[in-house]
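Structural characterization, general
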Amino acid sequence: MSDDWKEKYEESIDRLQRGERQWRQTEELLHKALSRISIAAEGLDPRLDQELRELRNAIRGHRTDESKLYPLIDRLSETLAGVEEERARKESEPRQALAELLARLPLSGKAKRRAEGLRERLAGSDDSLADLEAQCAALIGDALDQGGGRGLFGGLLKRDNGEPSASSSGGGAPPVPGEGVGPVLLRLLEKLAVPPEFNDRAEALRRELLGEAAQWQRAVDELAALIAAMASKAQHEKRELEGFVYQMSTRLKELDVHLRGAEALRTESKRSGEALNAAVQAEVRDLHDTAQRASDLEQLKRDVSHRMEAIGQRMDAFRRAEDQRHNQSEQRMAQMQQRLATLEKESGELRERVRVEQRRALHDPLTGLANRLAFDERAHQELARRERYDTPLSLLVLDVDFFKRVNDSYGHKAGDMVLRTIAQLLLKLLRETDFLARFGGEEFIALLPETPLEAAQQVAEKLRRGVAECGFHFQGQAVPITISIGITQYRHGETHDSAFERADGALYQAKESGRNRCVTDA
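Residues numbered from 1 in each chain as written. Predicted model: local features only at pLDDT ≥ 70, side-chain atom pairs only at ≥ 80, totals over all residues. Heavy atoms only, no water.

The next subject is the packing of helix H12 (residues 412-429) against helix H13 (residues 453-468). Packing of H12 against H13 brings their axes to within 10 Å, and their N-to-C directions diverge by 140 degrees. The angle between H12 and H13 falls in the class oblique. Crossing of H12 over H13 shows right-handed handedness. Counted together, Ile422, Leu425, Leu426 and Leu429 of H12 and Lys462, Leu463, Gly466 and Val467 of H13 form the full contact between these two elements. (Axes fitted to C-alpha atoms, helices over the stretch in contact; angles between N-to-C directions. Helix = DSSP H or I, 4+ residues; strand = E, 2+ residues; numbered from the N terminus. Parallel < 35°, antiparallel > 145°, perpendicular 65-115°, else oblique. Left-handed = near helix turned anticlockwise from the far one by under 90°. Contact = heavy atoms within 4.5 Å.)

In the structure shown here, the tally under the stated rule is 17 salt bridges. Where arginine 378 meets glutamate 382, a salt bridge forms, and the shortest distance between an N and an O atom there is 2.9 Å. Residue arginine 378 and its partner glutamate 382 are both found in helix H10 (residues 372-389); the two are separated by four residues, about one turn of the helix. Take arginine 378: its relative accessible area is 23%, and that puts it in the partly exposed class. The buried category is assigned to glutamate 382, whose relative accessible area is 6%. A salt bridge links arginine 431 to aspartate 434; its shortest N-O distance comes to 2.6 Å. When its relative accessible area of 41% is taken as the criterion, arginine 431 is described as partly exposed. (Salt bridge = Lys/Arg side-chain N within 4 Å of Asp/Glu carboxyl O. Buried < 20%, exposed > 50% of the residue type's maximum accessible area, 1.4 Å probe, protein only.)

Here we come to the sheet that holds strand S7 (residues 518-520). With mixed pairing, the five strands of this open sheet are ordered in space as S2-S3-S1-S6-S7. If you trace the sheet from one side to the other, it starts and ends with strand S2 (435-440) and S7, each paired once. For this sheet, the mean inter-axis angle between neighbouring strands, taken without regard to orientation, is 20 degrees. Packed on one face of the sheet, H13 meets strand S1 (393-400), strand S3 (443-449), strand S6 (483-489) and S7 and runs near 170 degrees to S6. (Pairing = 2+ DSSP bridges.)

What follows is about helix H6 (residues 181-191). Counted residue by residue, H6 has ten buried out of eleven residues, so it is predominantly covered. Residues of H6 that are buried: Val181, Gly182, Val184, Leu185, Leu186, Arg187, Leu188, Leu189, Glu190 and Lys191.

Before going further, it helps to spend a moment on the packing of aromatic side chains. Tallied over the entire structure, the rule returns three aromatic pairs. Geometrically, the ring pair formed by phenylalanine 439 and phenylalanine 500 is tilted, given 5.1 Å between the ring centres and 40 degrees between the ring planes. Placement of the pair is phenylalanine 439 in strand S2 and phenylalanine 500 in helix H14 (residues 496-512), with a sequence separation of 61 residues. By way of ring pairs, the aromatic residues Phe375, Phe435, Phe439 and Phe500 are connected into one cluster. (Phe/Tyr/Trp six-rings, centres within 6.5 Å; stacked < 30°, edge-to-face > 60°.)

So, in structure tokens, the structure goes:
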């Protein structure tokens, strides 16, 4: 009996020891997992980072003071709830902003119904923000198109291969969860081909959206007002163009009337000449018959004199009618020449206006470089040439490092001067056959025809070094400026978008690895 008790006791002790070892192993495993999870969660929120560091300090070692651990976990739970609430708020705000933007736009008909449906999806659907943002951009573009924004002068919405894409902005960054309202509205703003008279408003809005304390409700109002003003201007230009076309049509109708009048005068003159010829021939025949029958010389003289007088009267009447027709014809010709001169002048003014507007539509007003729309057209041409002749074509994506610091430290005027200086410097360092454009914000993009990847790397390094050594000064103070560059070479049969993604990825690597450097895509 005593031996059974002893065996049971020893078995119990063994089970407790094994259980304790398992508990310790589990505790250590939980400590490691919790520590690694806390490290992975760093960077989401400063408050959360602080409490995660305290938690890691509390669970270091083999034994944990539970009296300290439980309050830490409680505080961490509260902080996590707050961070989650803040994240949810940030994710909902861009949807609210897009919905309010659509509500403020002057839409009608089918566009208004589309906007209402999209607003419902923004409020309650699980669709991704990227998809909803792209559809908002498409709706704005279609509304501007229908309002006269596209057509003669190229449109008020920048297009990527003919279709809007909210995920491709001036900076090339797609929407990310919890990024807030500013980047979403900034991408929409970057997609607008803003006419020169609205550049100041657009730039002021862009700077506000880039600021730390941007009020998104006010930014939505400003963006909606800007789009409405652009649409109103497009409508005004459309009405002007329609008026000009109507005026041209009226002028042409007037010319047609004058030409018909001139033709009528010519026909009338021909008929009068034929009638005169017939009358003279009749008089000559009668005169001949009279001469044949005449037996009295005096009677013959009287008949001949009477016939000649009749012929003279017919000639005088014909000459007076011809003089009148000639005067009318000269008047009509003078009027036609005046109309033609006016028409030529108005046509010349229209051609010049089209030329100026097309240049504005394809050039960035701040730097004078080609803009994104012009780059898309040139890229299409160079890709077609590259496929036809099998020549190398390389792409550079360039971004100004810490550009926001320049604006914050020296003001936006200095930032504008930096962009203009870099633009002119890059143009000077590139070949005439290369194509440089401002892609949006502080980002530039360059096409290098007949340039293989290795040569493109050398060009990129020359550009990087040239900017770094340019010695830029603002108001007598040295302002260091550098650029980072992503490099790629177009591959056979690929689109521009895929090549741009690789170059943009290389640019991101250059930024992550310290900036002021050139990186080639892998």
